[in-house]
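# What the coordinates show
Each chain, written out:
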Amino acid sequence: IGERASFPDEPRARISLRRLKRLQAVTTMPNLVPVTGVVVDVLGHPVPYALIREGRGRFPPRRTAEFLADAEGRFHRSHRPDTEWIFTASSERFATASIVVAVKPEMPAVQLVLPPIHPWIAQVVDAQDQPVPDATVRVGGRTVTQILDWSGQTDSNGRIVWSNAPNQEVDL
């Protein structure tokens, strides 16, 4: 048996290219689990084509993928290690929401519930309390329970609107 490698984020063994070419390298995968889920509104109606970001790991979590739910709000992720994962879903018609899931074999489908939209409205001002036009405001953080990626420009009055902001606190 050749050398062994492990899954990303886990200690890795070195594999020589020579052994790999001779088909003598063996890769050992940890327990991997499929994750299925659905994105719905508070009434349980599917949210089609919601944007979903996933991540895992210690704080801050490592963002691993970004993908769309299907026309019925469903999604499927293959081969996920059995650990905690964060799924954050967003849609133009609803507030962004996240869920932390302990992935394990035979787990039920994940349900991401998007609450009603409550836009975040702010004004950027300078030290003299004057509006700052064309300022960029960016949210790209990862908290223990969210994976966010949003940015916008202030208008001529220094105002900015995040139309589908989460209902939870966010670090700017």
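Structure's up top.
Quick caveat, the model's predicted, so the values are computed rather than measured.

With that out of the way, let us pick up the pairing of strand E9 (residues 110-114). Here E9 shows a clear split, with Val110, Leu112 and Leu114 buried on one side and none of Gln111 and Val113 buried on the other. Judged from the 5 bridges that link them, strand E3 (residues 32-41) and E9 form a sheet pairing that is parallel. Paired with valine 38 across the strands is glutamine 111, a residue of E9.

This part covers the packing of aromatic side chains. Inspection of the entire model under this criterion finds 4 aromatic pairs. Residues tryptophan 120 and tryptophan 150 carry aromatic rings whose centres are separated by 6.3 Å and whose planes lie at 85° to one another, so their mutual orientation is edge-to-face. Placement of the pair is tryptophan 120 in strand E10 (residues 120-123) and tryptophan 150 in strand E12 (residues 150-153), with a sequence separation of 30 residues. For tryptophan 150, a relative accessible area of 14% puts it in the buried group. In this structure an aromatic cluster arises from ring pairing among Phe67, Phe75 and Phe87. The positively charged end of arginine 77 is found above the aromatic ring belonging to phenylalanine 67, 3.9 Å away from the centroid.

The strands making up a sheet associate through backbone hydrogen bonding, with each pair oriented either parallel or antiparallel. Ordered by their spatial adjacency, 4 strands build an open sheet running E5-E4-E7-E8, and the pairing between neighbours is antiparallel. Each end of this open sheet is capped by a strand with a single partner; those strands are strand E5 (62-68) and strand E8 (94-102). Neighbour to neighbour, the strand axes of the sheet diverge by 20° on average, direction disregarded. Here 7 bridges tie strand E7 (residues 84-91) to E8, and the two strands are oriented antiparallel to one another. Each residue of the ladder has a partner; that of alanine 89, found in E8, is alanine 97.

So, how was this worked out
Residues numbered from 1 in each chain as written. Predicted model: local features only at pLDDT ≥ 70, side-chain atom pairs only at ≥ 80, totals over all residues. Heavy atoms only, no water. Buried < 20%, exposed > 50% of the residue type's maximum accessible area, 1.4 Å probe, protein only. Helix = DSSP H or I, 4+ residues; strand = E, 2+ residues; numbered from the N terminus. Pairing = 2+ DSSP bridges. Phe/Tyr/Trp six-rings, centres within 6.5 Å; stacked < 30°, edge-to-face > 60°. Lys NZ or Arg CZ within 6 Å of the ring centre and 35° of its normal. Axes fitted to C-alpha atoms, helices over the stretch in contact; angles between N-to-C directions.

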